[in-house]
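One-letter residues, chain by chain:
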Amino acid sequence: MKDRQELPEDPTSTDLSPDTLAVWAGEGASLVQGATQVPVVYSAAYGYPDVDEWLDVALGRKPGHIYSRNTNPTVHAFEEKVRILEGAAAATSFSTGMAAVSNTLFGLLSPGDRVVSVKDTYGGTNRLFAEFLPRFGIDVELCDTTDHEQIEAAVAKGCSLVYLETPTNPTLKVMDIARLAVAGRQAGALVVADNTFATPINQNPLALGADLVLHSATKFLGGHADVLGGVICGGPDLVARVYHYREITGAALDPMAAYLLIRGMKTLALRIDRQNESALRIARWLAEQSAVAAVYYPGLETHVHHDVAARQMRGYGGMLSFMVEGGFEAVKRVLPRLRLAHRAANLGAVETIAGPPATTSHVECTAQEREAMGIPEGLIRYSVGIEDAGDLIADLEQALAVA
Ligand SMILES: Cc1ncc(COP(=O)(O)O)c(C=O)c1O
């Protein structure tokens, strides 16, 4: 069972700006009968009356599709769009972001391998590190996220995979991808970076030295909080290894989900530009409020790694978090008063979304585990939507009055 990943070359030139690529890239080969939009191809399998041709496609000697658990035309167009925006040679997709993370780790690691990562990865990823990988004899060392010397020392002890996520969820810590990619390469390790928060509009980890970049497409890529998906991009051999694992585990992206992701991505650059601008303005405003004990946003000059963020990001993103005076009790008073935010376990949408880590990013962890990870209970994670920033600030002002 072997499907071709490559289809006829897309006519879109990578010399174009990301704004243009988000609209056009990856779609050309999938348009049929004059349609201007990628069709949703709902076919479980693809028929070949000519057995020789069938064999050629099945063995990867000719482009084409065999079975939609492996490849599908709509899904392929989505993968191509992300691949081109990330400047990668290959891409493959998954049913969710966690399927992308878990299939990448289980597809590339074996018993006896060692992984180095950090304490602040997304809660689901942290569960894989703390609970599931060790069960398969894979050793995981989780370092302090902001202590790059400690991470480099852990990598230098020898490891097979370095797993980065930057900016982190929910405290917006920033990791120096170029520096840690050098450490990984010196140790002969693969370097994987979760780029969900930054998106390819703000940051391209492969250009900074990572071997693989992954996304929860559920978030900013889709952008409308109505679809789940995941994607990884990188070199052909690595992506093929993960693709092979995914075609067997079966965590394939559904064609309708791929269609919604393609449609959402057409406005990716527009949305991210707006969200970058609004989040910076809101973070600066929050930093001046007496009801706010701390603001976490890489665009603030006071952020511990603002210099690294300024070097590796083109924009600081739509995610921020802040700590209200009065801890979790104050969070419980403030959140219900917000009029312009869904109180929900999601992020990256056109609507603003707010919530505490205890019910969002780190719902899988106990209060003690969150404390050990340095995630305060008085924190509110705020995903800035595309609304008017002035309206959002006014909404936060009236809500914080009860903190
Ligand atoms: C940074 C990051 N990576 C991965 C995931 C997992 O994505 P999904 O919910 O699509 O499985 C999330 C989810 O919030 C996330 O924030």
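The structure displayed is predicted, hence computed values, not measured ones. (Residues numbered from 1 in each chain as written. Predicted model: local features only at pLDDT ≥ 70, side-chain atom pairs only at ≥ 80, totals over all residues. Heavy atoms only, no water.)

S.K.: Explain the overall build of the protein chain here, please?
M.R.: Across its full length, the protein chain carries 15 helices and 12 strands. By the compact-globule yardstick of 22 Å for 403 residues, the protein chain fits well, its C-alpha radius of gyration being 21 Å. Counting only C-alpha atoms, the protein chain reaches 75 × 50 × 35 Å along its principal axes. Within the span of the protein chain, comprising 403 residues, buried residues form 57% of the whole. Long-range contacts, defined as pairs at least 24 residues apart, comprise 74% of the intrachain contacts of the protein chain with a sequence gap of at least 6. Total accessible area on the protein chain stands at roughly 16,000 Å², and carbon and sulfur atoms take up 54% of it. Measuring between centres, the 33 positive side-chain charges of the protein chain sit 2 Å from its 48 negative side-chain charges. (Helix = DSSP H or I, 4+ residues; strand = E, 2+ residues; numbered from the N terminus. Rg over C-alpha atoms; globule rule 2.2 N^0.38 Å. Buried < 20%, exposed > 50% of the residue type's maximum accessible area, 1.4 Å probe, protein only. Contact = heavy atoms within 4.5 Å. Areas by Shrake-Rupley, 256 points an atom, 1.4 Å probe, with all protein chains shown as cover. Lys, Arg positive; Asp, Glu negative; His and termini not counted. Charge placed at Lys NZ, Arg CZ, Asp CG, Glu CD.)

S.K.: Explanation requested: the site of the ligand in the structure shown.
M.R.: Taken together, 13 residues surround the ligand, and among them G97, M98, D194, S216 and T218 come closest. One of the backbone N or O atoms of G97 is found 2.9 Å from an oxygen atom in the ligand. For the ligand, an oxygen atom lies 2.9 Å from a polar atom in the side chain of N169. Contact with the protein chains removes 92% of the 390 Å² of surface that the ligand exposes when unbound. Looking at the shell around the ligand residue by residue, the classes come out as 3 nonpolar, 7 polar and 3 charged. (Near = heavy atom within 4 Å. Polar contact = N/O pair within 3.5 Å; in protein donor to acceptor, adjacent residues only side chain to side chain. Nonpolar A, V, L, I, M, F, W, Y, C, P; charged D, E, K, R; others polar.)

S.K.: It is not clear to me how helix α3 (residues 73–85) should be interpreted in this structure. Could you clarify?
M.R.: An α-helical turn contains 3.6 residues, so a residue and the one three or four places further along point in the same direction. Taking 1.5 Å of rise per residue, 13 residues should cover 18 Å, and α3 covers 19 Å from first to last C-alpha, within 8% of that figure. With 13 of 13 residues buried, α3 is to be regarded as a mostly interior element. One or two steps after α3, the chain reaches G87, where phi turns positive at roughly 65°. (Expected span 1.5 Å × (residues − 1).)

S.K.: Please explain the packing of aromatic side chains as it appears in this structure.
M.R.: What characterises a pair of aromatic rings is the spacing of the ring centres plus the angle enclosed by the ring planes. In the structure shown here, the tally under the stated rule is 4 aromatic pairs. The interplanar angle of 80° and the centroid separation of 5.4 Å between the aromatic rings of F106 and F136 together place this pair among those described as edge-to-face. Here the residue F106 occupies a position in helix α4 (residues 97–108), and F136 occupies one in the loop between α5 (123–135) and β3 (139–143), the gap between them amounting to 30 residues. Between the aromatic rings of F322 and Y382, the centroid separation amounts to 6.2 Å while the plane-to-plane angle is 65°, which identifies the pairing as edge-to-face. With F322 in strand β9 (residues 319–324) and Y382 in strand β12 (residues 379–383), the pair connects residues that are 60 residues apart, well separated along the chain. (Phe/Tyr/Trp six-rings, centres within 6.5 Å; stacked < 30°, edge-to-face > 60°.)

Geometric values such as these leave the question of function open.
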